[in-house]
Amino acid sequence: MRTAPVIPVLVVEDAATARPLAEALVAGGLRVLEVTLRTAAALDVIREMKTVEGAIVGAGTVVREDQFAQAVDAGAEFIVSPGLTQRLGDVIVESGVPYLPGVANAGDIMRGMELGLNRFKFFPAEAAGGLKALKALAAPFYEARFCPTGGITQATAPEWLAFDPVLCVGGSWITGGSMEEVTERAKAAVRLGA
Ligand code: 3PG
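Everything numeric here is computed off the predicted structure, so don't read it as measured data.

Could you give me a rundown of the overall build of the protein, with the residues and numbers involved?
Summing up its helical and strand segments, the protein has 8 helices and 9 strands in all. The C-alpha atoms of the protein give 16 Å as radius of gyration, which agrees with the globular expectation for 194 residues (16 Å, within 12%). Counting across all 194 residues of the protein, residues that qualify as buried make up 42%. Of all intrachain contacts in the protein linking residues separated by at least 6 positions in sequence, the fraction that spans at least 24 positions is 59%.

How would you explain the pairing of strand β3 (residues 56-60) if you had to name every residue and give the values?
For β3, a buried count of 4 out of 5 residues is recorded, marking the element as mostly surrounded by other parts of the structure. Here strand β2 (residues 32-36) runs beside β3; their pairing, made up of 5 bridges, is parallel. When the sheet's bridge partners are listed, E34 is paired in β3 with G58. Following the chain from β2 across helix α2 (residues 42-50) to the adjacent parallel β3, one finds a crossover that is right-handed.

Any chance you could break down the pairing of strand β7 (residues 119-122) for me, citing the residues and the numbers?
When strand β6 (residues 102-103) meets β7, the two strands line up parallel, connected through 2 bridges. Bridge pairing links V103 to F122 in β7. Across 4 bridges, the pairing between β7 and strand β8 (residues 145-148) is parallel. Its bridge partner lying in β8, F122 is registered against P148. Each parallel crossover has a hand, and the one from β7 via helix α6 (residues 130-138) to β8 is right-handed.

Quick rundown of the nonpolar core? Include the residues and the values.
Within the largest apolar cluster, 60 residues are counted, with the highest numbers of intra-cluster contacts made by L25, V35, I46 and I79. Per-element accounting of this core gives the leading share, 6 residues, to helix α1 (residues 18-27). Ignoring anything within four residues of it in the chain, the contact list for V35 reads L10, V12, A42, V45, I46, M49, V57, A59 and G60.

Quick one: what's the story with the site of the ligand, residue by residue and with numbers?
Lining the immediate surroundings of the ligand are V9, T36, G60, F123, T149, G150, G151, I152, G170, G171, S172 and W173. Partitioning the shell around the ligand into residue classes produces 4 nonpolar, 8 polar and no charged.

Can you lay out the sheet that holds β6 for me, pointing to particular residues and giving the numbers?
Across the sheet, 3 strands lie side by side as β6-β7-β8; this open sheet has parallel pairing. On the outer flanks of this sheet lie β6 and β8, each paired with one strand and no other.

Account for the packing of α2 against helix α3 (residues 65-74), with residues named and values stated.
One can describe the packing of α2 onto α3 by two numbers: an axis separation of 9 Å at closest approach and a directional angle of 30°. Considering their axes alone, α2 and α3 lie roughly parallel with respect to each other. Crossing angle aside, the handedness with which α2 passes α3 is right-handed. Contacts from L43, I46 and R47 of α2 reach α3 at Q70, A71 and A74. A breakdown of the residues in the contact of α2 with α3 according to their chemical character gives 4 nonpolar, 1 polar and 1 charged.

Help me get a handle on unusual backbone geometry, residues and values and all.
Between F123 and P124 the backbone carries a cis peptide bond, its omega angle lying at -10°. Position of P124 among the secondary structure elements: in the loop between β7 and α6. Its identity as a non-glycine residue notwithstanding, T61 has a phi of 55°, on the positive side. Inspection of the secondary structure puts T61 in the loop between β3 and α3. Taking the number of C-beta atoms within 10 Å as the measure of exposure, T61 has 20 and is therefore buried.

About the cut-offs
- Residues numbered from 1 in each chain as written.
- Predicted model: local features only at pLDDT ≥ 70, side-chain atom pairs only at ≥ 80, totals over all residues.
- Helix = DSSP H or I, 4+ residues; strand = E, 2+ residues; numbered from the N terminus.
- Rg over C-alpha atoms; globule rule 2.2 N^0.38 Å.
- Buried ≥ 20, exposed ≤ 12 C-beta atoms within 10 Å, placed from the backbone.
- Contact = placed C-beta atoms within 7 Å.
- Pairing = 2+ DSSP bridges.
- Right-handed = clockwise from strand over helix to strand, strands pointing away.
- Core = buried A, V, L, I, M, F, W, Y, C linked by C-beta atoms within 7 Å.
- Near = placed C-beta within 6 Å.
- Nonpolar A, V, L, I, M, F, W, Y, C, P; charged D, E, K, R; others polar.
- Axes fitted to C-alpha atoms, helices over the stretch in contact; angles between N-to-C directions.
- Parallel < 35°, antiparallel > 145°, perpendicular 65-115°, else oblique.
- Left-handed = near helix turned anticlockwise from the far one by under 90°.

Structure, rendered in structure tokens:
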């Protein structure tokens, strides 16, 4: 979460585009890559991106135990979920693989803390009440740190990142267009941390 101010959330349909995309992101300074398990190609995308020097590749949208196992088999170095269930949480925490589950309310955070977690994805960040909601939620959970994701853009990221408990934000805005454009957007995202 401290490697870069932004974790790009990637939805990649074609594994052939995975390596150039990861290279473009790493060239721009974004090394931590969240590959969502929302496409048939996702596991191959993880394998391909893992071959890119400097890339730290994880799986996102992990909602079931079998997906977790497949993602780890493919080489995922961290796991992101949109929410947190006891069942999936137990399995992933027990495995020792770094885990960033989604939370949207106090009960979610409490469930995570009972599992020994204190790093969370605040999701869906804008729809769940935006920065105002996160500030209210974070107040009682002073040990918790967050990666808000969902509806965040280059323009709105600074206000989120200015809030101390926010270590990074996630977003899909970095991708799209040419690989040169991806690298430029990645560089701009890195500058958010300056
Ligand atoms: C996610 O999967 O974390 C979100 O769908 C990404 O949200 P965004 O597309 O609004 O950045």
